[in-house]
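Here is what each chain is made of, one letter per residue.
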Amino acid sequence: MPPLRPFVPEDILRQIVVEEHDLSRDGRIAVVARRSVRKNRYLSHLWAVPLDGALATARGTTEATRTRAITTGLVRDGWPRLSPDGRTVAFIRRLPADSDAPDVIGLVPSAGGTVRRLKRGKHGGIGEVAWSPDGTRIAFTAEVDPPRFLVGPVPPIGTKPRKGVTEEAPLARHITRIDWRWDGSGHSDRWSHLFVVEARLGAIPRQVTAGDWGVGQIAWSPDGRTVLFTTDRGLEPDLHPRTTIWAVDVDGGGAGSTSGPREVLAPAGYANHPSPSPDGRWIAAIGIMEADPFDNVSPGIVIGPADGSTPAIALAPDLDRPVGNWSDTDLNGWMVDSRPGPAWLADDKVVAVVTDRGRSHPWVFGFDPATGRPTGGWRMIDGDRTTHSLAVSATGRVSWLGTEGVRAMELATIDGDDARVRTRTTIGSTWQRGLVMPEMRAIELPGPGGSIETWIASPPGAGDGRLPTIVDVHGGPLGAWAAAPHVEVALLVARGYRVILPNIRGSASYGGAWIEPQLGDWGGTDAADVHAAIDHIIALGLADPDRLGVMGLSYGGFMVNWLVGTTDRFKAAISENGVTNQVSDFANSDSGPDYVRAAKMGDPTTPEGVDKLWRQSPLAHVADVHTPLLMFQAEADLRCPPHDNEQFFIALKLLGRTVEYVLYPEEYHVYSSSGRPDRRVDRQNRMLDWFDRYLKG
């Protein structure tokens, strides 16, 4: 075997991410979307994975085959969904960002062959697709007219700009609600609504829903007529967001119908990701039973009758762990949403991803269809894994995309009562071969509020000697570090640093009692835990106290800005897309008001609320900053926008402190994991150079 070489930022251009997948109804075929980089842009192609040695051909016979690509080209193919018979994959084809070509729905045989494109209707960007139970129709969501806030002449959606004419900005945006923007998509100028189209060439899509609200997370009911979806049709959805589950008869209750969509699952908190039972009698979803929940209340599985005749109940009311993948690693790519379930394993069992202590696994939840009551839940697998995308077959096979240890995501399966996990692909992690990857060790550290689980990432073979050490604070604060490291952690370790990754109070997946003390106390209990973790690592002889650095993104960026203003123990710091002024960020952030409410941070409508926000603002301590600080910022970030962090930067410059500010144009909140490849490489090189200058120089 050739010797391992250090992981360098330019290896980002070789990174592969297997980021989406689906499983056939008979469990014999899976299809995955595999993302790569070519000429500084991202491409995604679909790969078919035979799980029992064969794939079905168009003629009905089978041919033995290996895992292989079934789409090619300069395209972004994603959201793969296998037809009920497993022979055809429906997917969304997007062209790279430098193309004006519209999204289309493609169809390709799962055994490989010609890609066919379904006819477009009067709609814009496509969000998701779903096959009808009989395989004759496809439901999808897409942006529609009329525009929400645009003023002046606006070309109808779906029309191509005239040749040689650059599309002009609108005359104005007349804003009447506070949800006119969303991070990662910019201005939310149009709603997405439900469409249905026959799964054949030349068929015209038909719009089913319409109105001043949006549709997402669609799922067909077994009757083949009803589609479930998530929406927020409350009285003030922008001020008090609360999604619930609705159903619509696509053949008679769509747009313009007197009956229209109807609400069918509405717990007091919220519900999303609907999934109908195989017999169509029940609906399971992710949700919260408590009204106006705070951050210490974890989402669970809620269930109710499909006709909405009785209220929803919690399927695991005492779980106290979040349903969904809440583990913090960018080996999943951060470019597509997780597919956490719930999915029905049978009429009496539901499978969903649960995150427990930074590890996310498929869990099974029992259910009595006669009484509608829960019968218990259990973990299907264990270990240092994360689960990003989940699917279930009618035969009881469960498949998922996930990491294991430091290995990037691959497709894995488990069958029925057989607890053996089978890893089915290698196409997602081959890029890691030959690279130095971190040795990850989890330890329990004593903290002021209890034991702090902390991951220590070290160079292989480094032993227990003192090394220059970086503390990396995760985002959220409802994130949680996992055994799968961020790319930045692998790069730092390859450069000879040790990295400390503490799951401090506020981290999700350790129970509500671990989150509660941090609510309304940013910079208090959480900062105390960071210091406690550092103190213990130094006491173990693993970190050099004279060569300490700190870094973090989003809430982690807040923590960096806070720490450098309240301690001088760090020799260098990097904050990224952080928060410095909670008073202004309340309104400047796209999700500020409800985010601040759920975190119990205060509000700017009363003097007491302003005082509370300011008390949790790093800007209040800017005069005490003496640590060299590098600030990274995505210029188009709407979650933690530039003008908030520029207050900190400008104040530090006026004070004559060592600070640099790097803006990345056109990029959003998690550009470090999903931004343009050359910008990601530049960011990582600057990170390494900054720490080398002050910790090794």
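Quantities reported herein were computed from a predicted structural model and do not represent experimental measurements. (Residues numbered from 1 in each chain as written. Predicted model: local features only at pLDDT ≥ 70, side-chain atom pairs only at ≥ 80, totals over all residues. Heavy atoms only, no water.)

**Concerning the nonpolar core**
Filter applied, for reference: Put simply, buried Ala, Val, Leu, Ile, Met, Phe, Trp, Tyr and Cys residues joined by side-chain atoms within 4.5 Å make one nonpolar core. Only protein chains enter the accessibility calculation, which uses a 1.4 Å probe. A residue is then buried if its area is under 20% of the maximum for its type, exposed if over 50%, and partly exposed in between. Strands here are runs of E lasting at least two residues and helices are runs of H or I lasting at least four, both read from the DSSP assignment and numbered beginning at the N terminus. The criterion used for residue contact is that any of the two residues' heavy atoms lie within 4.5 Å.
Counting 45 residues, the largest nonpolar core has Val 471, Val 530, Ile 537, Met 559, Leu 629 and Phe 648 as its most contacted members. Mapped onto this core, the elements with two or more residues apiece are β35 (439–445), β37 (467–473), α3 (525–539), β39 (543–553), α4 (555–566), β41 (629–634), α8 (642–654) and β42 (659–664). At seven residues, α4 tops the list of elements feeding residues into this core. For Phe 648, the contacting residues outside a window of four places in its chain are Asn 561, Thr 580, Pro 618, Leu 619, Val 622, Val 625, Leu 629 and Met 631. Ranked by size, the runner-up nonpolar core spans 38 residues in total, among them Leu 435, Met 437, Val 493 and Leu 695.

**What about the packing of α3 against α4?**
Definition in use: What counts as an axis is a line fitted to C-alpha atoms, over the stretch in contact for a helix, and the angles between N-to-C directions run from 0 to 180 degrees. Comment on the angle field: the value is read as roughly parallel under 35 degrees, roughly antiparallel over 145, roughly perpendicular from 65 to 115, and oblique elsewhere. Under the scheme applied, nonpolar residues are Ala, Val, Leu, Ile, Met, Phe, Trp, Tyr, Cys and Pro; charged residues are Asp, Glu, Lys and Arg; polar residues are all the others, including Gly.
Taken N-terminus to C-terminus, the directions of α3 and α4 make an angle of 75°; their axes are 11 Å apart at the nearest point. It follows that α3 is roughly perpendicular to α4 by the angle criterion. When α3 is examined against α4, the residues Asp 526, Ala 527, Val 530 and His 531 are found in contact with a partner set consisting of Tyr 555, Phe 558, Met 559, Trp 562 and Leu 563. Partitioned by chemical class, the residues of the contact of α3 with α4 number seven nonpolar, one polar and one charged.

**A short note on the sheet that holds strand β34 (residues 418–423)**
In plain terms, the rule: Should DSSP find at least two bridges between two strands, the strands are regarded as paired.
Strands sit in the order β31-β32-β33-β34 across an open sheet of four strands; the sheet is antiparallel. Every interior strand has two partners, whereas the edge strands, β31 (385–392) and β34, have only one. Across the sheet, the axes of successive neighbouring strands diverge by a mean angle of 30°, strand direction being ignored.

**What to know about the sheet that holds strand β29 (residues 359–368)**
In spatial order, the strands read β27-β28-β29-β30; together these four strands make up an open sheet with antiparallel pairing. Of all strands in the sheet, those bounded by a partner on one side alone are β27 (343–346) and β30 (373–379). Each neighbouring strand pair of the sheet contributes to a mean axis angle of 40°, computed without reference to strand direction. In this sheet, β30 lies alongside β29 in antiparallel orientation, the contact comprising six bridges. The partner of Asp 368 across the bridge, within β30, is Arg 373.

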